[in-house]
Structure formats: structure tokens, C-alpha cells
Amino acid sequence: MILVVGANGMLGRDLIALLGDRGHGIDIDDIDITSPESVMTVIGELKPEVVVNCAAYTDVDGCESNTETAMAVNGEGVAYLAMACRDIGALLVQISTDYIFDGGKGTPYGEDDAPCPLSVYGESKLAGEMNASFSPEHLVVRTQWLYGLHGKNFVETMLRLGAEKDELTVVDDQIGSPTWTVDLARSIIALIDNGCRGVYHSANSEYCSWNGFAQAIFEEAGLNVTVKPMTTSELNRPARRPLYSTLECSKLAADTGFRPQAWRTALREYLKLRASNSY
Ligand SMILES: NC(=O)c1ccc[n+]([C@@H]2O[C@H](COP(=O)([O-])OP(=O)(O)OC[C@H]3O[C@@H](n4cnc5c(N)ncnc54)[C@H](OP(=O)(O)O)[C@@H]3O)[C@@H](O)[C@H]2O)c1
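These figures come from a predicted structure and were not determined experimentally. (Residues numbered from 1 in each chain as written. Predicted model: local features only at pLDDT ≥ 70, side-chain atom pairs only at ≥ 80, totals over all residues. Heavy atoms only, no water.)

Peer 1: I keep staring at the site of the ligand and nothing clicks. Help me out?
Peer 2: Neighbouring the ligand are 24 residues, the closest being Leu11, Asp27, Thr58, Tyr121 and Lys125. At 2.9 Å from an oxygen atom of the ligand is found a side-chain nitrogen or oxygen belonging to Asp27. For the ligand, an oxygen atom lies 3.3 Å from a polar atom in the backbone of Ile95. The protein chains hide 77% of the 910 Å² of surface that the ligand would expose on its own. Elements that contribute at least two residues to the shell around the ligand include exactly helix H1 (10-19), strand E4 (91-97) and helix H5 (120-132). (Near = heavy atom within 4 Å. Polar contact = N/O pair within 3.5 Å; in protein donor to acceptor, adjacent residues only side chain to side chain. Areas by Shrake-Rupley, 256 points an atom, 1.4 Å probe, with all protein chains shown as cover. Helix = DSSP H or I, 4+ residues; strand = E, 2+ residues; numbered from the N terminus.)

Here it is, written out as C-alpha cells:
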């Protein structure tokens, strides 16, 4: 059985749907990953072969003022899961982020590039990556710029704002690859099924700025909205973000045969699914 922790989250829900009978989902009502007792009891009772940890404190700006919570959930919680996995010989799959990088490299980041987080969120997720190795069987999957049907995300925010306004200002100096949670979930399953271990990058292919992404969302959704540019420093958010943090995903393709589709194609598929109301 593949146990998905954080199964009510944006990624968790798509992963559970794709896993079908192989999956079992739990979330904060069943397990608190910040409590070693809760983790040991639940994992010890369920005895899964694989634990995929999608649970996290994902409010990037909130992490700046809630360092203890960020470290407890994103860092220490992973250590407890890893120790519980070690005790039963299970594989731990930990989901991580491009925010462990500083974005200064100028070309896509490979799995072996040195991390250098700029934010508390990035630091806490890096701690989680390191703690995952308490389980001899572990897999770290780094991703970025997620959107999906079951959580707050940039696409949903743009569609809401685009219905109210005919002009928006969006940052154009952060570059990354928007990634659909369904494609990420597909890659996680491919990594598990191919017996992969260690660190992998998984994101939809090709890249854009948030500004370019917003323009694509409005074009694909048939909304007539002018998207003006602004800089990250003008936006002045509490947490620093990497400016160029695209992820090199060729190791995923080489080891599993799975190649995530281009972000724009994925966006089109997502909007079609969303419009069909089949969720
Ligand atoms: N979203 C992105 O753009 C992005 C980008 C890169 C990487 N990631 C990573 O991808 C993974 C999935 O992200 P997501 O956006 O799907 O997350 P999400 O929607 O925020 O879901 C996280 C889930 O974890 C639960 N949770 C929080 N604290 C917990 C605890 N102490 N014990 C058990 N469950 C707890 C949350 O419950 P509550 O809602 O009740 O708190 C929520 O159901 C995370 O590891 C995240 O760091 C996300």
C-alpha cells in the first residue's frame, strides 16, 4: 500500500485519485507529523510499503513570521516520518521545492547543484530533504510553481481576478516552470514504480515568468485582460524568492521514461478539465 500523508492538499488529492486501489490517504485529522507519537503510531499500525509525504506548511510568506511552525512541519516532521519508515523498511518519498536554491545560477538547476535557500520556507524544506535520509529507502522529488484543482494557486487567483478586472500587474522577473499537480503525481508514481532512490527534479517542461503565465492563463481562458509588468522588489513580499529556478528534469526522464509535458499544454488540459466540471 502507498500511504499519502497530506492527502487533502492540492497534490495529495490528485495523487490519491491516480493511485486508485494502491493508495490510502491520511491528513491532519489522522496524523500530526509534528508529533513523533502520532507518526510512530499511525505508520506502525498501517505498515505501508511506501509513504509519500505531501503534508507541509506551504504559506511561503507566513513561514517568515512562523519559523518554529515551518521547521516543525517541513523539517522535523519529515524526520519522524523517516524514522517510522526506517523501522518498518518502507520507502519515504519527500516532496521538496525549487526554493531550496537561490536562483542565481542562470541555467536550470540539476539535482546535484548546491542548495542555498533565501527564505525560511526554503530552509525548512531543505531540512526536510536532509531528514528524509533517516530512512535508508528515500526519494526526494523537487518541484515548483504548482497548480491543481484542489487548492489555492496562481491559476485560480488569476481566473478570479481576471473576471473582476481588465488590467492586472504581475511580476515579470521570476522565471520558472508552472507545474500541474496531475503531471507531478504521474512522475511520483513513475519514480516509485521504477525503484528510483535519491533526489529527482519534476516540473512541466519549458519556462516563463509569472507575468507570461498570467497572460497564457487569460489567453487560454478567453479573458481579455491586460497584464502589466512589475519587479519582485516592487511587489515587496516578506519572503525572498529565487529569480531563476527552473529545474533540469532529464534524470527523471532517463530513469523512468516519463517526460512531463510542456507547461502550456498542461495548462490547456487543466482548464478543459476544470471547465468540464468533472471533479
Ligand atoms: N504549492 C506549490 O507551488 C509548491 C511548489 C513546490 C513544492 N511544493 C511542495 O509540494 C508539496 C505539496 O504541496 P501542496 O501545495 O499540495 O500543499 P497543500 O495544498 O498546502 O497541502 C498540504 C497538506 O498538509 C496538511 N498538513 C499541514 N500540516 C500538517 C501536519 N502537521 N500533519 C499532517 N498534515 C499536515 C495540510 O492540512 P491543512 O490544510 O489543514 O493545514 C494540507 O492538507 C509540499 O511538500 C510543498 O512544500 C509546493
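After that view of the structure, there is still more to cover.
Peer 1: How do you make sense of the pattern of salt bridges when you look at a structure like this?
Peer 2: A side chain of one charge can pair with a side chain of the opposite charge if their charged atoms are brought near each other. Summed over all chains, the structure comprises 14 salt bridges. Between Arg22 and Asp193 there is a salt bridge, with its nearest N and O atoms 2.6 Å apart. Of this pair, Arg22 sits in the loop between H1 and strand E2 (23-26) while Asp193 is found in helix H7 (residues 181-193), placing the two residues 171 residues apart along the sequence. Across the salt bridge formed by Glu129 and Arg142, the nearest N and O atoms sit 2.7 Å from each other. (Salt bridge = Lys/Arg side-chain N within 4 Å of Asp/Glu carboxyl O.)

Peer 1: I'm lost on the side chain of Ser245 in this one. Help?
Peer 2: Relative to the helices and strands, Ser245 resides in the loop between helix H9 (232-235) and helix H10 (250-256). Side-chain polar atoms of Ser245 contact the side chain of Asp98, separated by 2.7 Å.

Peer 1: I keep staring at unusual backbone geometry and nothing clicks. Help me out?
Peer 2: Phi is mostly negative for residues that are not glycine, and the peptide bonds are mostly trans. Even without glycine at this site, Lys47 takes up a positive phi of about 45°. When you line up the elements, Lys47 lands in the loop between helix H2 (36-46) and strand E3 (50-53).

Peer 1: Explanation requested: the packing of aromatic side chains in the structure shown.
Peer 2: For any pair of aromatic rings, the description rests on two quantities: the centre-to-centre distance and the angle between the ring planes. Counted according to the given criterion, the structure contains eleven aromatic pairs. The interplanar angle of 10° and the centroid separation of 4.1 Å between the aromatic rings of Phe101 and Tyr109 together place this pair among those described as stacked. Both residues of the pair, Phe101 and Tyr109, belong to the buried class. Ring plane angle 85° and centroid distance 5.6 Å describe the contact between Phe213 and Trp263, whose orientation is recorded as edge-to-face. With a gap of 50 residues between them, Phe213 in helix H8 (residues 210-221) and Trp263 in helix H11 (residues 263-275) connect regions that are remote in the sequence. (Phe/Tyr/Trp six-rings, centres within 6.5 Å; stacked < 30°, edge-to-face > 60°. Buried < 20%, exposed > 50% of the residue type's maximum accessible area, 1.4 Å probe, protein only.)

Peer 1: What is the right way to look at the nonpolar core in this model?
Peer 2: A general trend in soluble globular proteins is that nonpolar side chains are found buried together. Membership of the largest hydrophobic core comes to 29 residues, with the highest contact counts inside it found for Val5, Ile31 and Leu81. Going through the elements one at a time, strand E1 (2-5), H2, helix H3 (60-65), helix H4 (67-88) and H5 are the ones with two or more residues in this core. Sorting elements by how many residues they give to this core places H4 first, with eight residues. Those residues within four positions of Val5 in sequence are excluded, and the remaining contacts are Ile26, Ile31, Ile33, Val51, Val52, Asn53, Cys54, Ala55 and Leu81. Within the second largest apolar cluster, 28 residues are counted, among which are Val170, Trp210, Ile217 and Ala266. (Core = buried A, V, L, I, M, F, W, Y, C linked by side-chain atoms within 4.5 Å. Contact = heavy atoms within 4.5 Å.)

Peer 1: Would you take a moment to explain the layout of surface pockets for this structure?
Peer 2: Using a probe with the size of a water molecule, rolled over the atoms, empty space left in the structure can be pinpointed. For the second largest pocket, the calculated volume is near 220 Å³. Taken together, the residues of the lining of the second largest pocket sort by class into seven nonpolar, five polar and three charged. (1 Å grid on protein atoms, 1.4 Å probe; cavity = no way out; pocket = protein on both sides within 12 Å on 5 of 7 lines; lining within 4 Å. Points joined across faces, edges and corners; volume = space filled by probe spheres on them. Nonpolar A, V, L, I, M, F, W, Y, C, P; charged D, E, K, R; others polar.)

Peer 1: What's the story with the sheet that holds E4 in this structure? I'm lost.
Peer 2: Pairing is parallel across the open sheet formed by six strands, whose spatial order is E2-E1-E3-E4-E5-E10. Each end of this open sheet is capped by a strand with a single partner; those strands are E2 and strand E10 (198-201). For this sheet the average axis-to-axis angle between neighbouring strands, irrespective of direction, equals 20°. One ladder, built from four bridges, connects E1 with E3; its direction is parallel. By the bridge assignment for E3, Ile2 is matched with Val50. (Pairing = 2+ DSSP bridges. Axes fitted to C-alpha atoms, helices over the stretch in contact; angles between N-to-C directions.)

Peer 1: Any chance you could explain the pairing of E1 here in plain terms?
Peer 2: The side chains of a regular strand alternate, residue by residue, between the two faces of the sheet. Taking every second residue as pointing to the same face, both faces of E1 are buried, with Ile2 and Val4 on one and Leu3 and Val5 on the other. As judged from the four bridges shared by E1 and E2, these two strands associate in the parallel manner. The partner of Ile2 across the bridge, within E2, is Gly23. Handedness of the β-α-β unit built from E1, H1 and E2 comes out right-handed. (Right-handed = clockwise from strand over helix to strand, strands pointing away.)

Peer 1: Sorry if this is basic, but what is going on with the packing of H4 against H5 here?
Peer 2: The relative placement of two packed helices comes down to the angle between their axes together with the axis-to-axis distance. Their axes nearest at 8 Å, the elements H4 and H5 cross at an angle of 10°. Taken together, the axes of H4 and H5 are roughly parallel relative to one another. Packed against H4, whose contacting residues are Thr67, Ala70, Met71, Asn74, Gly75, Glu76, Val78, Ala79 and Ala82, the element H5 presents Val120, Tyr121, Ser124, Lys125, Ala127, Gly128, Asn131 and Ala132 at the interface. For the contact of H4 with H5, the class distribution of residues is nine nonpolar, six polar and two charged. (Parallel < 35°, antiparallel > 145°, perpendicular 65-115°, else oblique.)

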